[in-house]
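Chain by chain, the residues run as shown.
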Amino acid sequence: TLNGKGPFKTLLDTGSIYVTLTPEAAQKLGISQPTLESVRVGAIEMRNVRATLNSPLIDLMREFGTEVLLGGSFLKEYKMTIDYLNKELILDPYGK
């Protein structure tokens with residue numbers, strides 16, 4: 001969820017610096033500034049997450065029906081494991 005709202009159709013983008021939102025997702029959230037109060041994935045929540053509302057990837061996101069790219073501004077705080085067999089993304093906070 002983003003700012004307590006959602007869910008949003010999301011893709012993991014390990015090459016993106018920021019969480020990226022389509023203009024439609026930003027409108028659903030009622031935001032115009034590039035900082036999210038909170039991003040929650042499962043039981044993990046991060047506050048004050050930098051996002052971008054303007055990206056050359058927006059058209060590609062729309063083609064895939066995706067509203068959010070979960071990028072580095074969220075992922076950088078976690079060791080990430082993709083368990084393909086169980087179709088799970090496991091996020092472990094660094095230093096905790």
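All figures in this text were calculated on a predicted structure; none of them were measured in a lab. (Residues numbered from 1 in each chain as written. Predicted model: local features only at pLDDT ≥ 70, side-chain atom pairs only at ≥ 80, totals over all residues. Heavy atoms only, no water.)

## A look at the packing of aromatic side chains
The relative placement of two aromatic rings is captured by the distance of their centres and the angle of their planes. Across all of its chains, the model carries one aromatic pair by this definition. Aromatic side chains Phe74 and Tyr78 sit 5.2 Å apart centroid to centroid with 35° between the ring planes, which places their arrangement in the tilted category. The same class applies to Phe74 as to Tyr78, namely buried. (Phe/Tyr/Trp six-rings, centres within 6.5 Å; stacked < 30°, edge-to-face > 60°. Buried < 20%, exposed > 50% of the residue type's maximum accessible area, 1.4 Å probe, protein only.)

## Concerning the environment of Val68
The residue Val68 is located in strand E5 (residues 68-70) in this model. Val68 gets classed as buried once you look at its relative accessible area, which sits at 2%. Sequence separation between Val68 and Ala25 is 43 residues; the distance between their C-alpha atoms is 7.4 Å. Once you skip the residues sitting within four places of it in the chain, Val68 turns out to touch Leu2, Phe8, Lys9, Thr10, Leu11, Val19, Thr20, Leu21 and Met61. (Helix = DSSP H or I, 4+ residues; strand = E, 2+ residues; numbered from the N terminus. Contact = heavy atoms within 4.5 Å.)

## Description of the nonpolar core
Formed by 20 residues in total, the largest nonpolar core has its most connected members in Leu2, Val19, Leu21, Leu36 and Phe74. Those elements giving two or more residues to this core turn out to be strand E2 (19-21), helix H1 (23-29), strand E3 (35-41), strand E4 (44-52), E5 and helix H3 (72-75). Here this core takes four residues from E4, the largest share from any one element. Aside from chain neighbours lying at most four places away, what touches Val19 is Leu36, Val49, Arg50, Ala51, Thr52, Val68, Leu69, Leu70, Gly71, Ser73 and Phe74. (Core = buried A, V, L, I, M, F, W, Y, C linked by side-chain atoms within 4.5 Å.)

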